[in-house]
Each structure stands twice: as C-alpha cells, then as structure tokens.
Amino acid sequence: ATVNSTTGIYSTQTPERSVYAELCRSLKEDYTMVGNASKNGAMCFQLNKTGITLDCNGNWIVGNDASGTRGVRASSLNNVSVRRCVVKEFTRGIEFFKVNNGTVSNITVLSNTDGVFVSQSTGISVYENVLKNNDNYGITLIASQANVSYNKALNNAVAGIETDNTNFTAIAFNLVEGNKYEGI
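We now turn to the structure provided with this report. (Residues numbered from 1 in each chain as written. Predicted model: local features only at pLDDT ≥ 70, side-chain atom pairs only at ≥ 80, totals over all residues. Heavy atoms only, no water.)

1. So, the state of the cysteines
A full pass over the atoms with the stated rule returns two disulfides. Covalent S-S linkage joins Cys24 and Cys44, the inter-sulfur distance amounting to 2.0 Å. Between Cys24 and Cys44, the disulfide has an S-S torsion of -80° and is therefore left-handed. With Cys24 in the loop between strand E2 (10–11) and strand E3 (25–27) and Cys44 in strand E6 (residues 43–47), the pair connects residues that are 20 residues apart, well separated along the chain. Across the pair, exposure class does not vary: Cys24 and Cys44 are buried alike. The disulfide bridge from Cys56 ends at Cys85, spanning 1.9 Å between sulfur atoms. Taking the torsion about the sulfur-sulfur bond, which here is approximately 70°, the covalent link between Cys56 and Cys85 counts as right-handed. With Cys56 in the loop between strand E7 (53–55) and strand E8 (60–62) and Cys85 in the loop between strand E10 (81–83) and strand E11 (86–88), the pair connects residues that are 29 residues apart, well separated along the chain. Taken as a pair, Cys56 and Cys85 share a single burial class, namely buried. (Disulfide = S-S within 2.5 Å. Helix = DSSP H or I, 4+ residues; strand = E, 2+ residues; numbered from the N terminus. Buried < 20%, exposed > 50% of the residue type's maximum accessible area, 1.4 Å probe, protein only.)

Structural data, given as structure tokens:
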C-alpha cells in the first residue's frame, strides 16, 4: 500500500460502501484485516491485550459520524501498534488512553472529529501518517510523551497538531499546512 498522490490517502483498497463487511471486534491477539470494516455507532476495534498489533493491510475503517465513536481504541495497555489503515467518520479515529509504548504508523485519518488522540500515555510514536480534513485536530496529545514525525497534517478545521500539558515530546519533520487556526 502507498499514499495516493492525488487523494493523499494511504490505502490499497477503495472506499465503496458495498465492499464493507462487519469486521469490527475486540482484539486479544494480532489481527490483519482482509477487507474493509464499518461500524454504525460505538467502536470498531478495541485493543484488549498488551503487545498486539492491528494491521489494516491498507483497508478502510468507516464510521457514521455518530457522537462518542472510535475507529480504534487502546486503553491501559503496553506495546500496542496500529498500522496501514484508513480511518474516517468517527469522533476519534485512533485513540490511545494510558498506553505505554504504542505506535500509530502509516495511517490515513480523515473526516473524523479528531484524527489521532493520545491522552495520559508515554513512549508513543506517531509517524508517517496523513491526517486530513478532521473537524478539530489532526493529532492531539494531552498529558503524554510522544515522538511525532514525518506526518502530513492537512486542512484540519482547528489545528494540525495540538499539545496540552505535554512534556518530553519531540515533534519534527512534519508537513503541517492548510489548518484553519494553527499548525502546531
């Protein structure tokens, strides 16, 4: 899978709703998606075990813009990864809460309220992602320690990258443009 130079979307798949299957689930082991997934309300993927990886394999995770929804969520875990996804139309595309040593990479997060949301977490790597056309922020870091690099935060309604009460965070080599109020 690669980033399409026209759309800026990282995927090998097409987003037609007819190809979506109800693949959303709670994960307790590594999982590689074999098709697109959709979810009306709630959460699509909940990571529930330390040390696991969700590899979307270039597939789409699509919500319905309902309030309080999550595309992928990890809470109170260590060493989890989410990679190679396109996530759209959730309140939070990807959420890490109280995660230690987590990775979000090669993701396209678009048309969510918040793209990647990291709170009270340490040792997080957010790299080589496209965060585009989200209603608030492309990446949000709250009371967390993270390395944020080589991302494209484009045309988000508030800011490309938002930090609050965040120490020991490196933000480098990101393309941040076209965001309404702030870049970083």
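After presenting the structure, the write-up continues.
2. Let's talk about the environment of Ser105
Its place among the elements puts Ser105 in strand E13 (residues 103–105). With sequence-adjacent residues up to four places away left out, Ser105 is seen in contact with Val82, Arg83, Arg84, Tyr127, Glu128 and Asn129. (Contact = heavy atoms within 4.5 Å.)

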